[in-house]
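Chain residues, written in single-letter form:
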Amino acid sequence: MLDKIFDYLNFHFSIEASIVLLVLVFLEAVLSADNAIALAAIAQGLEDKKLEGQALNFGLVIAYVLRITLLLTATWVQKFWQFELLGATYLLWLVFQHFTSQEDEENHHHGPRFKSLWQAIPVIAFTDLAFSLDSVTTAIAVSQEIWLVIAGTTIGIVTLRFMAGLFIRWLDEFANLEDAGYITVALVGIRLLLRVINEDLVPPQWIMISAIAIILAWGFAKRNVVELTPAEPEKSTPVSKS
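Treat the numbers as computed from the prediction; the structure is a model and nothing was measured.

## Comments concerning the packing of aromatic side chains
Aromatic ring pairs are described here by two measures, namely the spacing of the ring centres and the angle between the planes.
Okay, step 1: With the rule as written, the count across this model stands at 9 aromatic pairs.
Okay, step 2: Taken together, a centroid distance of 5.9 Å and an interplanar angle of 40 degrees make the contact between Phe58 and Trp118 tilted. Separated by 60 residues along the polypeptide, Phe58 in helix H4 (residues 49-72) and Trp118 in helix H7 (residues 117-142) bring together distant segments of the chain.
Okay, step 3: A residue is classified by how much of its surface remains accessible, and Phe58, at 41% relative accessible area, is partly exposed.

The structure is reproduced here in structure tokens:
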């Protein structure tokens, strides 16, 4: 009876399935670096470290549900170019908002600012969904086994949360990292837009990965200068003469 149920669900454990799962997890990790830095930059719009972590947690839970929904409806979604156009427009709007924000000697360009946790959560969730529109085709191409793709997505979303947590810390440490992150967001948005215009114009995945790696290397190249407050000179204690 159990064998029939497993056969019906195509739920076969094998060495091949394990290899495919590892490939999916690897792809999720490689392709989510730009996603992670974008989500970290958005979470920083709260300017409260505790709320930033909460926004990522709640936002990625919703993002996970949206990712699974996207995977289960991928065949249908891919028939409508309007979804990719919306995703591209949304990502490029985020980039435009970042680079047109006010900048002075103390503040670099920045992403959206939020007054409450509940304003940040949907932005994080929908940003991840826009990125997922670019990666869902790759995931489906690697394996037609839905359970494998969902398993890879589950591990990938956990990896994304870990990476976003690291990037939140690094954004305070490296001067150009936030700009670099939004440039990679622009690349993903342009890639989605090219898919709408003409699939033949879309650059190969290895070119995207190479470009993102170079941009992030530039982002990590310069640390923020921390100005140390000079210590006050020690006051000499007068020696009393006896």
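## Digging into the nonpolar core
One broad rule of soluble globular proteins: the nonpolar side chains tend to lie buried together.
Okay, step 1: Ile42, Leu56, Leu91, Ile124 and Phe167 are the most contacted members of the largest nonpolar core, which totals 46 residues.
Okay, step 2: Elements that contribute at least two residues to this core include exactly helix H3 (33-43), H4, helix H6 (81-99), H7, helix H8 (146-173), helix H9 (177-197) and helix H10 (205-219).
Okay, step 3: Here this core gets 9 residues from one element, more than from any other, and that element is H3.
Okay, step 4: Other than its neighbours up to four places away in sequence, Ile124 contacts Leu39, Ile42, Ala43, Ala55, Leu56, Gly59 and Leu60.

## Re the confidence of the model for the chain
Okay, step 1: Summing up the model confidence of the chain, the mean pLDDT is 77 and the portion of residues at 70 or higher is 71%.
Okay, step 2: The low-confidence segment residues 4-13 (pLDDT under 50) makes 9 contacts with residues lying over four places distant or belonging to another chain.

## Looking at H3
Okay, step 1: The buried fraction of H3 is high, at 11 of 11 residues.
Okay, step 2: Those residues of H3 lying buried are Ala33, Asp34, Asn35, Ala36, Ile37, Ala38, Leu39, Ala40, Ala41, Ile42 and Ala43.

## Concerning H10
Okay, step 1: Compared with the 21 Å implied by 1.5 Å per residue over 15 residues, the 21 Å span of H10 between its first and last C-alpha is a close match.
Okay, step 2: Every buried residue of H10 is accounted for by Met208, Ile212, Ile215, Leu216 and Gly219. Along the long axis of H10, the arc covered by the buried residues comes to 100 degrees, so they all point the same way. Along H10, exposed side chains directed more than 90 degrees from the buried face belong to Trp206 and Ile214.

## Remarks on the pattern of salt bridges
Okay, step 1: The final tally for this structure, using the stated rule, is 5 salt bridges.
Okay, step 2: Across the salt bridge formed by Lys49 and Asp172, the nearest N and O atoms sit 2.7 Å from each other. Separated by 123 residues along the polypeptide, Lys49 in helix H4 and Asp172 in helix H8 bring together distant segments of the chain.
Okay, step 3: In this structure, a network of salt bridges that share partners links the residues Lys49, Glu52 and Asp172.

## Section: the environment of Leu71
Okay, step 1: Within the secondary structure, Leu71 sits in helix H4.
Okay, step 2: For the pair Leu71 and Val149, spaced 78 residues apart in sequence, the C-alpha to C-alpha distance is 8.0 Å.

## Observations regarding the packing of H9 against H10
Okay, step 1: It is at 8 Å that the axes of H9 and H10 come closest, and there the two elements cross at 165 degrees. On the basis of their axis angle, the class for H9 and H10 is roughly antiparallel. Remark: the crossing between H9 and H10 carries right-handed chirality. Residues Leu177, Asp179, Ala180, Ile183, Thr184, Leu187, Val188 and Arg191 of H9 pack against Gln205, Met208, Ala211, Ile212, Ile215, Leu216, Trp218 and Gly219 of H10.
Okay, step 2: Its residues placed into classes, the contact of H9 with H10 shows 11 nonpolar, 3 polar and 2 charged.

Reading guide: rules and limits
- Throughout this document, residue positions are counted from 1 along each chain, in the order its sequence is written.
- Predicted model: local features are reported for residues with pLDDT of at least 70 only, side-chain atom pairs are reported and counted for 80 or more only, and whole-chain, interface and lining totals are derived from all residues.
- Computation of side-chain values covers all heavy atoms of the structure but excludes hydrogens and water.
- Aromatic pairs are defined between Phe, Tyr and Trp rings, using the six-membered ring for Trp, whenever the two ring centres lie within 6.5 Å; interplanar angles under 30 degrees are classed as stacked, those over 60 as edge-to-face, and all others as tilted.
- Put simply, DSSP marks the helices as runs of H or I at least four residues long and the strands as runs of E at least two long, and each gets a number from the N terminus on.
- When accessible area is computed with a 1.4 Å probe and restricted to protein chains, residues below 20% of their type maximum are described as buried, those above 50% as exposed, and intermediate ones as partly exposed.
- Side-chain atoms within 4.5 Å are what join buried Ala, Val, Leu, Ile, Met, Phe, Trp, Tyr and Cys residues into a set we call a nonpolar core.
- A contact between two residues is defined here by any heavy atoms of the two lying within 4.5 Å.
- The predictor attaches a confidence to each residue, and that confidence, scored 0 to 100, is pLDDT.
- Under the convention used throughout, the expected extent of a helix is 1.5 Å for every residue step, that is, one less than its residue count.
- In this context, the arc is that of the directions from the helix axis out to the C-beta atoms.
- Should a side-chain nitrogen of Lys or Arg be within 4 Å of a carboxyl oxygen of Asp or Glu, the pair is scored as a salt bridge.
- Only the stretch in contact is used when fitting a helix axis, every axis being a line fitted to C-alpha atoms; angles between N-to-C directions are given from 0 to 180 degrees.
- By the definition adopted for this analysis, an angle is roughly parallel if under 35 degrees, roughly antiparallel if over 145, roughly perpendicular if from 65 to 115, and oblique otherwise.
- Crossing handedness is defined as follows: a turn of the near helix away from the far one that is anticlockwise and smaller than a right angle gives a left-handed crossing, while the clockwise case is right-handed.
- The classification used treats Ala, Val, Leu, Ile, Met, Phe, Trp, Tyr, Cys and Pro as nonpolar, Asp, Glu, Lys and Arg as charged, and all other residues, Gly among them, as polar.

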